[in-house]
Structure formats: structure tokens, C-alpha cells
Amino acid sequence: MSHQPLHDRADADYQKALKPRHMQMIAIGGSIGTGLFLGAGGRMAGGGPALALVYAACGFFAFLMIRALGELTIYRPSSGAFVSYAREFQGEAGAYATGWLFFLDWATTVMADITAVALYMRFWSVFTSVPQWILAFIALAIVFTLNMLSVKVFGELEFWFALIKVGAIVIFMIIAIAFILTQTPVDGNVPGLNTLIGPGIIEGIFPKGFAPMITLALGVVFAFGGTEMVGVAAGEAKDVEKVMPRAVNSVMWRIALFYIGSVVLFTMLMPYTAYSEDESPFVTFFSAIGVPHAGDIMNVVVLTAALSSLNAGLYATGRTLRSLAVAGTAPKFAARMNKHHVPYGGIVITSALGLIGVLINYIYPTQAFAIVMNLAGIGIAGTWISIMISHWIFVRRARAGEVTRPHYRLFLAPVTNFITIAFLVAIIVLMWFADEIGKPTIISFVILAIGMTIVWWCIRGRVNTAMLEAIVDTESTDE
């Protein structure tokens, strides 16, 4: 006999204020960010047209992950999302590890995002005289204030941020296809398949061999980080059973259209050597065809993508830390809610760590966050692995008759769970051999993992293991 669905006490006091249009755009915005608008330039320069294949592979596994999360979300919507599901299926130790890995990811991402915003602002001469750390601080302060207002404000911000990003990509694709069909030269190059595979199919697609694909993979996983955000938002959404399947199913075609499609078009328009890590590939193309103020226009879009990521990071870590704090595995302060039903304690903690990013901007304004960003990538991979483990245990319990799977399911589970976990573990392990920052990143992560384990053994005696209770109201138990 199947048991009743469970209720996570950490979900108390949230409002169901996110509408279907918010959820759709949160799902879209989560998978389109600076990883495409800025990062794709450097990745194309490093790996050539084969980047499209890396996006396809990582995108497929991202889809499997979000599909598994979608099934869990319909089974039991929770603002604690993967932390709450780890709590139910892996125990509090699993919830602790999952929550802090996710926090690691987004706390470091927040640092990177405020740095990105500061750098993008200095693109315009009016801001070049303003110290980078001041711009970073202002960005953090504005988004922090907006996050404090209500979940509806967050939803509206993400809706418009995503709309700007999608609009920019669609305009690019229409113009790019027109140039290819009419064979209009771009910076002296006649666009088409010849540009993509001129030297030969293998040489054209893999101009630098197969090795760069390993290096690019973790960066691409980081670029797709945020797709899991829709699972967090589901806890404050209306009509989850109707909205989630549409939001999740759209992930696959969005990755195919926006990421793979954009890279294929870029490499058909100009040789991969025309792109660089110092400039958005969109700016490279529009500047090459002589569009006035192309840099200004795309800088606004890239700035929007960074602000969107910063906004989502504060939103998600606030909810995640509250789920941990109520159970006793995060500071009690993180459990606090304000009158707008916003978990301000967790958002304050993340923002305080964001101030470290401001400090780094003050001390090292010209140095990149290479190791920190790779740690964020491991945090994302770890979170995805935890989601697949929770779903695998969920499926196993369903087969034993302990729980009931919803009609919307991850196909071929648990086989798809295993191959996704194997893929993500392989990416992390191969980092050691990938490049010069791979080894220090792995070493840093191992030290961090040891520290997390020590903390767990110190606090496990005071952890609340009775966070989950059966839902008895008829509304929640209706199928």
C-alpha cells in the first residue's frame, strides 16, 4: 500500500504567488545566461564548432536531471526542492550535503555575477572612472533589496529578464539565417557550411582535436546551472501539476534551439578563430556586419543575464538555507521570514558572502575567478547527482509500493539516473587532467568536502530528524 505524500515543515509560511508565465520564464531564464552570451565566445575559440556537440551532450543530461526533478516536484512541491527530496529519500545527511553543495554553487556564482555586472557597466565610458568594487556593491544592494520585497517581485523580474534574453537570441537567429540564405559576406567571409566544415568534416568540427571537449564540459554544465531553479520556484507556484511538465519539457528544445543553434550559426557565419573570450560572440557578429551601437545593445543584454543570475542566486539560496536551518544544519538566523513571506535570513547570509566578492573586486580587480568558478561547476554537478540519487530511491520505493509516481515521469528510470550520474562524475574526475586549474580545484573541493564532513559529525546530534510529516488534508492528497 502506498503511503500518503509528506509535508516538509521547512515549507511553512511561503506564498503561492508565482503564476504560470513566471514559471515558464524562470525555466527559460534559468538555462540562458552569461554562459551563452559571454562564455560561448571563449569556448568556441578553445574548441571550435564541436562546442555544439558538448552543448548537446550536457544539455541532454540537464534535461534528464530536470525531468527527474519535475517528477519529484509534482509528487510533492517544495521550496526546499532537492534539499527536501534528499531529506525524504537520503536522510538529513543527504539533505545537508545537497544543500551546502548548492549553496557553494550559488554563493560563488553571486560573487562572479556582481563582478560581471561591474565589468559590463565599465563598458560605458561614463562608468570607467567609478571603482569596480563600488559598481559590484551597488548591483548586490539593488538585487538584495528587490529580493526582500516578495516572491511576486522576483517572478516579475525574472519574467522580464528572460524576455530580453530570448528576444535578443531570436533577433540574432533571424538575421544570421538571412545572411546565410542570401550568402551575404560577414567580415569578408561568405557564410555557409563551407565555413563550418571547409577543411573536412572531422577537421572542421574538431579543429583542436577531442581533448578540449573535456575541458569545455564542466564549463557547459556551469552554463546550464540554473535549470534546476524551476524546482525551487515550484514550491511557491500555482497549478504545479499543469505548469511543471510544460516548463520541464521546454528545456530540451530551448537548449537545442538557443545553445546548439546559436553555436552552429556562429560557426557558419565566421571562422571559429574570429571569436574570443574577451567579447560576446553576439557583439563580434553584429560589429562585423556594421550594426551601429552593437556593443551597447548586446552589453545591455549581457548585463541583464548577469542580473538575472544574481537575482535567481539570492532567491534560491535563501530558500535552500531556510530548509537547512529549520532542520538544524544551517545557522538559525537563516530560518527567519519577513512580513512578505521572504526567507530574509538566508538571503542576508548569501549577500554577506557576496560582499567577499566586492572585497575581491577591490583587491584584485583584474584577476578572474577561475578556481572559484570551477568550484561552482562542481557544486552544480553535485546538486544534479543528488537529484538523480533522490529520484532513483523514489522510483525504487514506488516499485515497492511505498509511494506513488505521478503520471509525468523520467523515462527509462533508473537506467537514465545511472548514466547521468556516471557522466557527471566523469566530468569531475577528468578535471584533474584537463588544464592547469583542474588539480587545485579538485584539491580545494576535497578539502571543502572534508570540512563539511567534520561539521556534520559535530552537529548531527542536534539535527531535527522529524522534518517530514504525512499530509492529511484532502486537497494535498488528491491525485
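Residues numbered from 1 in each chain as written. Predicted model: local features only at pLDDT ≥ 70, side-chain atom pairs only at ≥ 80, totals over all residues. Heavy atoms only, no water.

**Concerning the overall build of the protein**
And then number 1: Tallying secondary structure elements over the protein gives 20 helices and 2 strands in all.
And then number 2: Looking at the protein as a whole, 56% of its 479 residues qualify as buried.
And then number 3: Partitioning the contacts of the protein with sequence separation of at least 6, the portion at a separation of at least 24 is 81%. (Helix = DSSP H or I, 4+ residues; strand = E, 2+ residues; numbered from the N terminus. Buried < 20%, exposed > 50% of the residue type's maximum accessible area, 1.4 Å probe, protein only. Contact = heavy atoms within 4.5 Å.)

**Some words on the packing of helix 13 (residues 240–269) against helix 14 (residues 281–288)**
And then number 1: The interhelical angle for the contact between helix 13 and helix 14, taken along N-to-C directions, is 35°, at an axis separation of 11 Å. The interaxial crossing formed by helix 13 with helix 14 has left-handed handedness. Judged by residue contacts, Ser262, Phe266 and Leu269 of helix 13 engage Pro281, Phe282 and Phe285 from helix 14.
And then number 2: Of the residues that constitute the contact of helix 13 with helix 14, the class distribution is 5 nonpolar, 1 polar and no charged. (Axes fitted to C-alpha atoms, helices over the stretch in contact; angles between N-to-C directions. Left-handed = near helix turned anticlockwise from the far one by under 90°. Nonpolar A, V, L, I, M, F, W, Y, C, P; charged D, E, K, R; others polar.)

**Focus: the environment of Ala325**
And then number 1: Take Ala325: it is sitting in helix 15 (residues 294–327).
And then number 2: Between the alpha carbons of Ala325 and Gly345 there is a distance of 9.6 Å; along the sequence they are 20 residues apart.
And then number 3: Residues within four places of Ala325 in sequence aside, it is in contact with Ala330, Pro331, Ala334 and Ala335.

**A look at helix 13**
And then number 1: Helix length check: helix 13, at 30 residues, gives a terminal C-alpha distance of 41 Å against a target of 44 Å (1.5 Å per residue), a fit within 8%.
And then number 2: In the structure, helix 13 departs most strongly from a straight axis at Trp253, where the bend amounts to approximately 30°. (Expected span 1.5 Å × (residues − 1). Bend = angle between axes of the 7 residues up to and from the residue.)

**Examining the side chain of Thr329**
And then number 1: Within the element layout of this structure, Thr329 appears in the loop between helix 15 and helix 16 (344–363).
And then number 2: Beyond its immediate chain neighbours, meaning those up to four positions away, Thr329 contacts Tyr96, Trp100, Leu324, Trp456, Ile459 and Val463.

**A few points about the packing of aromatic side chains**
And then number 1: Tallied over the entire structure, the rule returns 28 aromatic pairs.
And then number 2: A centroid spacing of 5.5 Å and a plane angle of 65° characterise the contact between Phe89 and Phe394, whose relative ring orientation is edge-to-face. Here Phe89 is found in helix 5 (residues 81–90), whereas its partner Phe394 is found in helix 17 (residues 370–399), with 305 residues between them in sequence. You'll find Phe89 and Phe394 in the same group, each marked buried.
And then number 3: Each ring, one from Phe266 and one from Tyr275, has its centre 5.5 Å from the other, and the planes form 65°; the classification is edge-to-face. The same class applies to Phe266 and to Tyr275, which are both buried.
And then number 4: Within the aromatic cluster, the residues linked to one another by ring pairs are Phe172, Phe179, Phe266, Tyr275, Phe282, Phe285 and Phe286.
And then number 5: Over the aromatic face of Trp392 sits the side chain of Arg396, whose NZ or CZ is 5.1 Å from the ring centroid. (Phe/Tyr/Trp six-rings, centres within 6.5 Å; stacked < 30°, edge-to-face > 60°. Lys NZ or Arg CZ within 6 Å of the ring centre and 35° of its normal.)

**A few points about the environment of Ile260**
And then number 1: Relative to the helices and strands, Ile260 resides in helix 13.
And then number 2: The spatial distance from the C-alpha of Ile260 to the C-alpha of Ala50 is 10.0 Å, given a sequence separation of 210 residues.
And then number 3: Beyond its immediate sequence surroundings of up to four residues, Ile260 is in contact with Ala52, Tyr55, Ala56 and Ile255.

**Some details on the nonpolar core**
And then number 1: Counting 133 residues, the largest nonpolar core has Phe37, Phe172, Phe224 and Leu269 as its most contacted members.
And then number 2: Residues contacting Phe37, with those up to four places away along its chain left out, are Ile32, Lys165, Ala168, Ile169, Ser280, Pro281, Phe282, Met298, Val301, Val302 and Ala305.
And then number 3: Of all hydrophobic cores here, the second largest spans 5 residues; its members include Tyr96, Met452, Ile459 and Val463. (Core = buried A, V, L, I, M, F, W, Y, C linked by side-chain atoms within 4.5 Å.)

**What to know about unusual backbone geometry**
And then number 1: Residue Pro414 is bonded to the preceding Ala413 through a cis peptide linkage, with omega at 10°.
And then number 2: Its location among the elements puts Pro414 in the loop between helix 17 and helix 18 (415–434).
And then number 3: At Asp187, a residue that is not glycine, the phi angle is positive and equals roughly 55°.
And then number 4: Among the secondary structure elements, Asp187 is positioned in the loop between helix 8 (151–182) and helix 9 (193–197).

**Focus: the packing of helix 14 against helix 15**
And then number 1: Viewed as axis vectors pointing N to C, helix 14 and helix 15 meet at an angle of 160°, and their least axial separation amounts to 9 Å. Between helix 14 and helix 15, the interaxial angle falls into the category roughly antiparallel. Crossing handedness for the pair helix 14 and helix 15: right-handed. Packed against helix 14, whose contacting residues are Phe282, Val283, Phe286 and Ser287, the element helix 15 presents Ala294, Gly295 and Met298 at the interface. (Parallel < 35°, antiparallel > 145°, perpendicular 65-115°, else oblique.)

**Here's the deal with a nonpolar patch on the surface**
And then number 1: Where nonpolar side chains cluster on the molecular surface, the patch consists of Ile214, Val425, Val429, Leu430, Trp432, Phe433, Ile443 and Ile447 and spans about 730 Å² of accessible area.
And then number 2: For the nonpolar patch, the elements supplying multiple residues, two or more each, are helix 18 and helix 19 (438–459).
And then number 3: Residue placement: Ile214 occurs in helix 11 (residues 211–224).
And then number 4: Note on Ile214: relative accessible area 39%, which makes it partly exposed. (Patch = residues over 30% accessible without salt bridge, like charges linked within 9 Å, V, L, I, M, F, W, Y side chains within 5 Å. Areas by Shrake-Rupley, 256 points an atom, 1.4 Å probe, with all protein chains shown as cover. Salt bridge = Lys/Arg side-chain N within 4 Å of Asp/Glu carboxyl O.)

The values are spatial; any link to function lies outside them.
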